[in-house]
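Chain residues, written in single-letter form:
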Amino acid sequence: MSVHGVDDQAEVGIIGGSGLYALDGLTDVRRVRVSTPYGEPSDEVVLGTLSGKRVAFLPRHGEGHRISPSHLPARANIHALKSLGVRQVLSISAVGSLREDYAPGDLVVPDQIVDRTSQARGNSFFDQDVVVHVPFATPYCDRLRPLLADAARANARVHTAGTYCCIEGPQFSTRAESELYRSWGLDIIGMTAVPEARLAREAELCYAGLALVTDYDCWHDGHDSVTAQAVAEVMHRNGEAAKATLTALLTTLPTDVACACQNALATSIITPLTKLPESTRDRYALLLGKYLPTG
Ligand SMILES: CSC[C@H]1O[C@H](OP(=O)(O)O)[C@H](O)[C@@H]1O
Ligand SMILES: Nc1ncnc2[nH]cnc12
């Protein structure tokens, strides 16, 4: 884990998705390379001030979109943000729509996730000596979600809830899969909410998603099936709505908050922490520090 100075601190983390590889309008910018017990994050973290808040911006797929969904270093990304002092994370994503009334260009603030991933994506930080079962019934922060939705309203049509179906990818879905997800009542589809949301909860961070609808996946008779190029084009056109939403949200976002997300481990650690090997204590220092016995 790298050690950061006071200048390398931020209050809010922003993870940029497809089409959002940089954040305009930041002042007092510093770029920091962070190393973590879980390897290197997707890219350097860009620290800067936006709407009076110190933010840490990380492009999920790396600048130039180099890392595919199955290989994202999600553990390193979340750990890096936490190590910079971040307590709230806003995660931006391009998604397909599984329903007519969530149209391309709309914004969605999802409230649920269905995990259809199938590869080992590093779903937990706690992979040695300690077993932790965090609550995940509400995968997104219920305090942060309405604030994000309110800030989004001035910039596009906003849907204040939706279930994000996270597929493994990198291929888009078959029509049969798309119809199956629709029959299950799922609303939007993407490849990246898992394990990011799981890890944010384990790291006791408030986490909310801003999903930009780019396409109707492949189920809609009146629309061409999704292509990566079409997603990129819509994101290019509508990325401004995401940036304007972030700028507005940060203006009023409280940073000194008491939220259940920030105590998610309090009732979740099943292994007694009294006799952890030194190396394990080091690995989990940032995440379990406040729960480790001292002396
Ligand atoms: C470029 S199309 C598919 C790609 O876009 C979404 O990424 P992100 O959530 O990072 O915006 C989707 O999950 C896929 O990774
Ligand atoms: N239809 C879709 N399926 C999966 N990920 C997406 N990202 C944007 N559109 C998508």
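Residues numbered from 1 in each chain as written. Chains lettered and ligands numbered in written order. Predicted model: local features only at pLDDT ≥ 70, side-chain atom pairs only at ≥ 80, totals over all residues. Heavy atoms only, no water.

(A) Quick look at the site of ligand 2. Neighbouring ligand 2 are the residues A94, V95, G96, F172, I189, G190, M191, T214, D215, D217, V226 and V231. Contact distances for ligand 2 include 3.2 Å between a nitrogen atom and a backbone N or O atom of G96. Between D215 and ligand 2, the recorded distance is 2.7 Å, taken from a side-chain N or O atom to a nitrogen atom. Applying the majority rule of atoms within 2 Å of the grid points places ligand 2 in the largest pocket. When contributions to the shell around ligand 2 are tallied by element, the ones reaching two or more residues are β5 (88-97), β10 (188-190) and β11 (206-215). It is β5 that provides the largest number of residues to the shell around ligand 2, a total of three residues. Split by residue class, the shell around ligand 2 holds seven nonpolar, three polar and two charged. (Near = heavy atom within 4 Å. Polar contact = N/O pair within 3.5 Å; in protein donor to acceptor, adjacent residues only side chain to side chain. 1 Å grid on protein atoms, 1.4 Å probe; cavity = no way out; pocket = protein on both sides within 12 Å on 5 of 7 lines; lining within 4 Å. Sits in = over half its atoms within 2 Å of the grid points. Helix = DSSP H or I, 4+ residues; strand = E, 2+ residues; numbered from the N terminus. Nonpolar A, V, L, I, M, F, W, Y, C, P; charged D, E, K, R; others polar.)

(B) Representation of the side chain of D43. Within the secondary structure, D43 sits in the loop between β2 (27-32) and β3 (45-50). Within the structure, D43 has its side chain in polar contact with the side chain of R66 (distance 3.4 Å). Sequence-distant contacts of D43, that is, excluding residues within four places in its chain, are made with L58, P59, G62, E63 and R66. (Contact = heavy atoms within 4.5 Å.)

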